Amino acid sequence: MKISVQLVIEPEDGQPVTAKPIAQLKCADLTVDTLGLTLAESKSILGNLQTELAQYQVTDYIDEQRICPQCDRPQSIKGHHTIVYRTLFGKLCLKSPRLYVCSCQDSDSKSISPLTRC
Ligand SMILES: [Zn+2]
(Lines give C-alpha, C1' and ligand atoms only; values in the text may rest on other atoms or scores of the structure.)
Protein backbone atom coordinates (compact mmCIF):
# COMPACT_ATOMS: atom_id res chain seq x y z
CA MET A 1 0.00 0.00 0.00
CA LYS A 2 1.19 3.53 -0.79
CA ILE A 3 0.21 6.54 1.27
CA SER A 4 0.56 10.10 -0.03
CA VAL A 5 1.02 13.08 2.26
CA GLN A 6 -0.02 16.42 0.79
CA LEU A 7 -0.20 20.03 1.86
CA VAL A 8 -3.58 21.41 0.78
CA ILE A 9 -3.80 25.18 0.71
CA GLU A 10 -7.27 26.72 0.70
CA PRO A 11 -6.92 30.50 0.31
CA GLU A 12 -9.67 32.64 1.84
CA ASP A 13 -9.71 35.13 -1.03
CA GLY A 14 -11.25 32.87 -3.65
CA GLN A 15 -7.94 31.74 -5.16
CA PRO A 16 -7.89 28.12 -6.31
CA VAL A 17 -7.09 25.35 -3.86
CA THR A 18 -3.63 23.90 -4.40
CA ALA A 19 -2.18 20.61 -3.27
CA LYS A 20 1.55 20.13 -2.90
CA PRO A 21 2.99 16.64 -2.61
CA ILE A 22 5.00 16.23 0.60
CA ALA A 23 5.81 12.53 0.77
CA GLN A 24 4.91 9.08 -0.47
CA LEU A 25 5.18 6.27 1.99
CA LYS A 26 5.23 2.57 1.29
CA CYS A 27 3.74 0.46 4.04
CA ALA A 28 5.42 -2.84 4.69
CA ASP A 29 3.85 -5.75 6.52
CA LEU A 30 2.92 -4.69 10.02
CA THR A 31 5.52 -5.40 12.66
CA VAL A 32 6.68 -3.49 15.69
CA ASP A 33 9.44 -1.97 13.55
CA THR A 34 7.13 -0.85 10.71
CA LEU A 35 4.32 0.60 12.84
CA GLY A 36 3.87 4.32 12.14
CA LEU A 37 6.64 6.58 10.89
CA THR A 38 10.35 6.06 11.11
CA LEU A 39 12.48 8.93 12.38
CA ALA A 40 13.88 9.45 8.86
CA GLU A 41 10.38 9.55 7.35
CA SER A 42 9.16 12.04 9.94
CA LYS A 43 12.17 14.31 9.40
CA SER A 44 11.66 14.18 5.64
CA ILE A 45 7.93 14.94 5.93
CA LEU A 46 8.47 17.86 8.30
CA GLY A 47 11.32 19.25 6.21
CA ASN A 48 9.30 19.08 3.00
CA LEU A 49 6.22 20.52 4.74
CA GLN A 50 8.29 23.38 6.16
CA THR A 51 9.76 24.17 2.73
CA GLU A 52 6.40 24.16 0.92
CA LEU A 53 4.56 26.04 3.67
CA ALA A 54 7.25 28.70 3.98
CA GLN A 55 7.37 29.17 0.20
CA TYR A 56 3.60 29.66 0.11
CA GLN A 57 3.73 32.14 3.02
CA VAL A 58 6.56 34.10 1.39
CA THR A 59 4.85 34.24 -2.00
CA ASP A 60 1.60 35.42 -0.41
CA TYR A 61 3.42 38.03 1.69
CA ILE A 62 5.42 39.35 -1.27
CA ASP A 63 2.26 39.62 -3.39
CA GLU A 64 0.70 41.76 -0.64
CA GLN A 65 3.83 43.89 -0.18
CA ARG A 66 4.19 44.64 -3.91
CA ILE A 67 1.06 46.78 -3.77
CA CYS A 68 1.79 50.38 -2.78
CA PRO A 69 -0.18 51.12 0.42
CA GLN A 70 -0.89 54.68 -0.75
CA CYS A 71 -1.89 54.37 -4.41
CA ASP A 72 -2.54 50.60 -4.81
CA ARG A 73 -0.19 50.31 -7.82
CA PRO A 74 2.29 47.41 -7.95
CA GLN A 75 5.84 48.42 -7.05
CA SER A 76 8.45 47.34 -9.61
CA ILE A 77 10.96 44.62 -8.82
CA LYS A 78 14.56 45.86 -8.80
CA GLY A 79 16.10 42.42 -8.36
CA HIS A 80 16.22 39.31 -6.25
CA HIS A 81 18.54 37.90 -3.65
CA THR A 82 18.47 34.81 -1.46
CA ILE A 83 17.74 34.96 2.24
CA VAL A 84 18.68 31.97 4.39
CA TYR A 85 16.56 31.21 7.44
CA ARG A 86 17.62 28.55 9.86
CA THR A 87 14.63 26.71 11.28
CA LEU A 88 14.04 23.76 13.54
CA PHE A 89 13.62 21.59 10.43
CA GLY A 90 16.60 22.82 8.45
CA LYS A 91 17.71 25.80 6.41
CA LEU A 92 15.29 27.61 4.13
CA CYS A 93 16.73 29.42 1.12
CA LEU A 94 14.11 31.97 0.11
CA LYS A 95 14.16 34.05 -3.05
CA SER A 96 13.58 37.59 -1.84
CA PRO A 97 12.72 40.44 -4.19
CA ARG A 98 13.94 43.99 -3.79
CA LEU A 99 11.21 46.47 -4.74
CA TYR A 100 11.51 50.04 -5.95
CA VAL A 101 9.68 52.36 -3.57
CA CYS A 102 6.67 53.83 -5.34
CA SER A 103 7.14 57.40 -6.55
CA CYS A 104 4.07 58.52 -4.58
CA GLN A 105 5.82 57.76 -1.28
CA ASP A 106 8.08 60.18 0.53
CA SER A 107 10.96 57.88 1.45
CA ASP A 108 14.70 58.20 1.98
CA SER A 109 15.20 54.76 0.42
CA LYS A 110 14.81 54.08 -3.28
CA SER A 111 14.15 50.39 -2.71
CA ILE A 112 13.02 47.99 -0.02
CA SER A 113 13.36 44.28 0.69
CA PRO A 114 10.00 43.24 2.18
CA LEU A 115 11.19 39.92 3.57
CA THR A 116 13.80 41.58 5.72
CA ARG A 117 11.06 43.62 7.42
CA CYS A 118 8.83 40.75 8.56
ZN1 LIG B 1 2.22 54.53 -4.71
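Structure report, in brief.

Conventions we followed
- Residues numbered from 1 in each chain as written.
- Predicted model: local features only at pLDDT ≥ 70, side-chain atom pairs only at ≥ 80, totals over all residues.
- Heavy atoms only, no water.
- Helix = DSSP H or I, 4+ residues; strand = E, 2+ residues; numbered from the N terminus.
- Rg over C-alpha atoms; globule rule 2.2 N^0.38 Å.
- Buried < 20%, exposed > 50% of the residue type's maximum accessible area, 1.4 Å probe, protein only.
- Contact = heavy atoms within 4.5 Å.
- Areas by Shrake-Rupley, 256 points an atom, 1.4 Å probe, with all protein chains shown as cover.
- Core = buried A, V, L, I, M, F, W, Y, C linked by side-chain atoms within 4.5 Å.
- Donors = N, O, S within 2.8 Å, 3.2 Å for Na, K, Ca; no water.
- Tetrahedral: all angles 85-135°; square planar, octahedral: opposite > 155°, others 65-115°.
- Pairing = 2+ DSSP bridges.

Things to note about the overall build of the protein
Counting its regular elements, the protein contains one helix and five strands. Going from N to C terminus, the protein has its helices and strands arranged as β-β-α-β-β-β. Over its C-alpha trace the protein gives a radius of gyration of 20 Å, far above what one expects of a compact globule, namely 13 Å for 118 residues. C-alpha atoms of the protein, sized along the principal axes, occupy 65 × 30 × 20 Å. The proportion of buried residues among the 118 residues of the protein is 22%. Within the protein, counting contacts between residues at least 6 apart in sequence, those at least 24 apart form 37% of the total. Entry remark: accessible area of the protein is about 8800 Å², with carbon and sulfur atoms responsible for 52%.

Here's the deal with the nonpolar core
In terms of nonpolar packing, the biggest core is built from seven residues, these being Ala-54, Val-58, Ile-62, Ile-83, Leu-92, Leu-94 and Leu-115. Of all elements in the fold, only helix H1 (39–66) and strand S4 (90–100) reach the threshold of two or more residues within this core. Broken down by element, the residue count for this core peaks at three residues, all from H1. Apart from the residues within four sequence positions on either side, Leu-94 is in contact with Gln-55, Val-58, His-81, Thr-82, Ile-83, Tyr-85 and Leu-115. Counting residues in each nonpolar core, the second largest holds six residues, with Ile-22, Ala-23, Leu-25 and Ile-45 among its members.

Re the coordination of the zinc ion
Protein-derived ligands of the zinc ion are Cys-68 (SG), Cys-71 (SG), Cys-102 (SG) and Cys-104 (SG), with the metal-ligand distances lying across 2.2 to 2.3 Å. Its four donor atoms give the zinc ion angles of 101 to 118° at the centre, a pattern that matches the tetrahedral case. All donors to the zinc ion come from one chain, and their sequence spacing reads C-x2-C-x30-C-x1-C. Of the two residues, Cys-68 is situated in the loop between H1 and strand S3 (77–87) and Cys-102 in the loop between S4 and strand S5 (111–112); the sequence distance between them amounts to 34 residues. Overall, Cys-102 belongs to the buried group, its relative accessible area being 10%.

Observations regarding the pairing of S3
Judged from the 10 bridges that link them, S3 and S4 form a sheet pairing that is antiparallel. Looking at the pairing, Tyr-85 lines up with Leu-92 of S4. Joining the antiparallel neighbours S3 and S4 is a turn of two residues.

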